[in-house]
Amino acid sequence: MEIKVGHKTTPPTPGYSITMRVEGPADTAVTSAIAAAIGEAGGALTALDVAEHRAARLVVDATCDARDADHAEQIGKVVAAVPGVTVLKVSDRTFLVHLGGKLEVTPKVQLKHRDDLSRAYTPGVARVCTAIAENPADARRLTIKRNTVAVVTDGSAVLGLGNIGPEAALPVMEGKAALFKQFADVDAWPVCLDTQDTDEIVSVVRALAPVYGGINLEDISAPRCFEIEARLREALDIPVFHDDQHGTAIVVLAALTNALRVVGKRIEDITIVVSGVGAAGHAIIRLLHRQGVGEIIGCDRHGVLNPEQEGMDDFRRWIADNTNCSGRRGTLKEALGGADVFIGVSAPNLLTEENIAAMDEGAIVFALANPDPEVDPVAAGRHAAVVATGRSDYPNQINNVLAFPGFFRGLLDAGVSDITGEMMTAAARAIAAAVPPRQLSAGYIVPSVFDASVAPAVAAAVREAAAAHTTANDRDQDRAGLSGGNNA
């Protein structure tokens, strides 16, 4: 069975997998009783291994998925209640994965004898240092800089956990770095800063930038994240990418591109309602605005943003001034009436299936709040033509890992510092194109995060867009120089 919470039924997930070491009589009926108990408690049994077998006693390792930590504890109690059985230990497999961290440093060169040491370190390394001092650009060629990204956070907006600080943010940043390496062979390293002062963050990142070929800002709260990104982009000669903003926006655009193909609508004809105007919502709205969407309506917790509202920061003011051309007012639920697309990057359980039913025929719902979306995906699917979430246990997972590894691979390969809207659009197109037309359906609008073709395709798209941008800049400079010569 499954554990029901409120109106929703949430299945077990590998994110809450446990292994129980259980001792009982040396009888095959015991293993059957353990398996039955796990099933009755709503767990999903994935492995049952005999760890020790004695004449009278049997020790078994039972591994299963649970719904959450409380459910895992409940499963353990149900198994412990099996007659003759003792639960010796319960191990949370997620914690086991994190023991000792998820990263290590591995040398690329062998250091087996004195000759190796003399070239990799002293005295030979001094000549390389001198060469870089004479030509700092050589650092990209002669050090790790050309393939290394700093994953920078202050721990102020980590996942759905909020302001939990730099130490607690470290497991997420380690995971991010592992994804960089796994999917795009980019060497990334967590940089968790023990400050949430904007000036200090900018100063620290500027100071450590010489080591890195790019900066990936992560889990920094809005609106500070906007200023930090803008100031670092201005100050540094390496690309600065805020994944919570731009990575999310890229994957949303890719998913929307294919969802519109499924429902047979054009982007210039649709109305999109976006719930959440923080970092992700702001970037999504800006990128969609570049695509010529017919109408975008941004909503915060108070309802539809409009130019008459007071007390808005510059970023919300931009949304209010550049969206909602029809001048709608009211709540998020009211704004959804007749809309073609809902994109949620806000909070759980804001909507009901009746709100989705009020949308236009062939509605598209991207409920991306994690771990609990803005609307129950199953309920939304009764009325919407296409439903996507940020979860891995439903179809159409909108996951930033489809974007950021390949995006940085392309940036590092191109050796550019600017990140343009054209690059983000090109990346989105590459992700969308990874779903073959013959396979495109309501349940398959984005490729799997494990599709090995995605990151190289995104990297190639970014390199091509970067080359076009560089060529355009060169033409502009040539024209400016020619004009200057004529004026002289």
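Every chain is numbered independently, its residues counted from 1 as its sequence is written. Only residues with pLDDT of at least 70 get local features here, since the model is predicted, and only at 80 or more are side-chain atom pairs given and counted; chain-wide, interface and lining totals rely on the full set of residues. Side-chain metrics in this entry use all non-hydrogen atoms of the structure; hydrogen atoms and water are not considered.

(A) Looking closely at the nonpolar core. Buried Ala, Val, Leu, Ile, Met, Phe, Trp, Tyr and Cys residues form a nonpolar core when they are joined through side-chain atoms within 4.5 Å. Each residue is assigned to one of three classes by its accessible area relative to the maximum for its type, calculated with a 1.4 Å probe on protein chains only: buried under 20%, partly exposed between the two thresholds, exposed over 50%. Grouped together as the largest cluster of nonpolar side chains are 74 residues, with contacts concentrated most on F366 and F407. A total of ten residues in this core trace back to one element, the largest contributor, which is helix α10 (residues 243-263). Domain segmentation is taken from an automatic or database assignment of domains. Residue-level mapping places this core at the junction of two domains, with at least three residues from each of domain 2 (149-238) and domain 3 (245-487). Two residues form a contact once any of their heavy atoms are found within 4.5 Å. Setting aside anything within four residues of it in sequence, one finds F407 in contact with F241, I250, I419, M423, M424, A427, V458 and V462. Counting residues in each nonpolar core, the second largest holds 21 residues, with V152, I215, I228 and V240 among its members. Secondary structure elements follow DSSP: runs of H or I no shorter than four residues count as helices, runs of E no shorter than two count as strands, and numbering proceeds from the N terminus.

(B) Region of the structure containing the packing of aromatic side chains. Working definition: a ring pair exists when centres of Phe, Tyr or Trp rings (six-membered ring for Trp) sit within 6.5 Å. Plane angles under 30 degrees give stacked, over 60 give edge-to-face, the rest tilted. In the structure shown here, the tally under the stated rule is six aromatic pairs. Between F180 and F404 the ring centres are 4.8 Å apart and the planes differ by 65°, which places this aromatic pair in the edge-to-face class. Taken together, the residues span a long stretch of sequence, with F180 in helix α7 (residues 166-184) and F404 in helix α16 (residues 404-414) at a distance of 224 residues. Each of the two residues, F180 as well as F404, counts as buried. Residues F241 and F408 carry aromatic rings whose centres are separated by 5.6 Å and whose planes lie at 80° to one another, so their mutual orientation is edge-to-face. Highlighted residues: F241 in strand β10 (residues 240-242) and F408 in helix α16, separated in sequence by 167 residues. Residue F408 is classed as buried on the basis of its relative accessible area of 0%. Site record: aromatic cluster; members linked through ring pairs are F180, F241, F404, F407 and F408.

(C) Representation of unusual backbone geometry within the structure. Here A222 and P223 are connected by a cis peptide whose omega angle stands at 0°. Tracing the chain through its elements places P223 in the loop between β9 (214-217) and α9 (224-235). Cis peptide bonds are those with omega within 30 degrees of zero, and the linkage from N370 to P371 qualifies with 5°. Mapping P371 onto the fold places it in the loop between β15 (364-367) and α15 (377-380).

(D) A look at the UniProt feature "domain: Malic enzyme N-terminal" (unreviewed entry) in the protein. UniProt positions are given in the numbering used here, feature names are shortened, and annotations may be inferred rather than shown by experiment. Annotation from UniProt places "domain: Malic enzyme N-terminal" (unreviewed entry) at residues 100-233. In this annotation, residues 100-233 is assigned 46% helix and 12% strand; the end-to-end C-alpha distance for the span is 34 Å.

(E) Up close: the pairing of strand β4 (residues 44-53). Where β4 and strand β5 (residues 57-66) come together, eight bridges link them in antiparallel fashion. Bridge pairing in β5 places D49 opposite D61. When DSSP locates at least two bridges between a pair of strands, those strands are taken to pair. Hairpin connection, β4 to β5: the antiparallel pair is bridged by three residues.

(F) Structural view of the sheet that holds strand β3 (residues 13-25). Taken in spatial order, the four strands of this open sheet run β4-β5-β3-β6, and their pairing is antiparallel. The strands lining the two open edges of the sheet, one partner per strand, are β4 and β6 (86-92). Here the average twist between neighbouring strands, direction ignored, is 20°. Every angle, taken between N-to-C directions, lies between 0 and 180 degrees, and every axis is a line fitted to C-alpha atoms, over only the stretch in contact when it is a helix.

(G) Fine view of the packing of α10 against helix α17 (residues 421-433). The N-to-C vectors of α10 and α17 enclose an angle of 50°; their axes lie 8 Å apart at closest approach. Between α10 and α17, the interaxial angle falls into the category oblique. In this structure, the crossing between α10 and α17 has a hand that is right-handed. Together, H246, I250, V251, L253, A254, T257, N258 and R261 of α10 and M424, T425, A427, A428, I431 and A432 of α17 make up the contact between the two elements. Counted by class, the contact of α10 with α17 contains nine nonpolar, four polar and one charged residues. Note on angle classes: values under 35 degrees are labelled roughly parallel, values over 145 roughly antiparallel, values of 65 to 115 roughly perpendicular, and the remainder oblique. In this scheme, a crossing is called left-handed if the near helix is turned counterclockwise away from the far one by less than a right angle; it is called right-handed if the turn is clockwise. Gly is put with the polar residues, along with every residue not named as nonpolar or charged; the nonpolar set is Ala, Val, Leu, Ile, Met, Phe, Trp, Tyr, Cys and Pro, and the charged set is Asp, Glu, Lys and Arg.

(H) Layout of the sheet that holds strand β12 (residues 295-300). With mixed pairing, the six strands of this open sheet are ordered in space as β13-β12-β11-β14-β15-β16. The two strands at the open ends of the sheet, each matched to only one other strand, are β13 (303-304) and β16 (386-389). Across four bridges, strand β11 (residues 271-275) lies against strand β14 (residues 341-344) in parallel orientation. Across the sheet, V273 pairs through a bridge with F342, a residue of β14. Against the sheet, helix α11 (residues 279-290) touches β11, β12 and β14, its axis set at about 170° to β12.

(I) Structural detail: the side chain of D116. Relative to the helices and strands, D116 resides in helix α4 (residues 114-120). According to the relative accessible area criterion, D116 is buried, its value standing at 14%. Contacts of D116, omitting those with residues within four sequence positions, involve Q110 and L111.

(J) Geometry of the pattern of salt bridges. By salt bridge we mean one thing: a side-chain nitrogen of Lys or Arg within 4 Å of a carboxyl oxygen of Asp or Glu. Counting across every chain of the model gives 26 salt bridges. One salt bridge in this structure joins E73 and K77, with 3.7 Å as the shortest N-O distance. Separated by four residues within a single helix, E73 and K77 lie in helix α2 (residues 69-80), roughly one turn from each other. Overall, the relative accessible area of 55% leaves K77 in the exposed class. One salt bridge in this structure joins K181 and D187, with 2.8 Å as the shortest N-O distance. Taking the relative accessible area as the measure of exposure, K181 reaches 40% and is therefore partly exposed. Beyond isolated ion pairs, a larger network of salt bridges with shared partners links K176, E218 and D243.

(K) Inspection of α11 at higher detail. Working rule for helices: expected span equals 1.5 Å times residues minus one. Compared with an ideal rise of 1.5 Å per residue, which puts twelve residues at 16 Å, α11 spans 17 Å between its outermost C-alpha atoms and is within 8% of the ideal. Along α11, nine of the twelve residues are buried, which leaves the element largely enclosed by surrounding structure. What α11 keeps buried is the set A279, A280, G281, H282, A283, I284, I285, L287 and L288. Downstream of α11 by one or two residues, G292 has phi in the positive range, about 80°.

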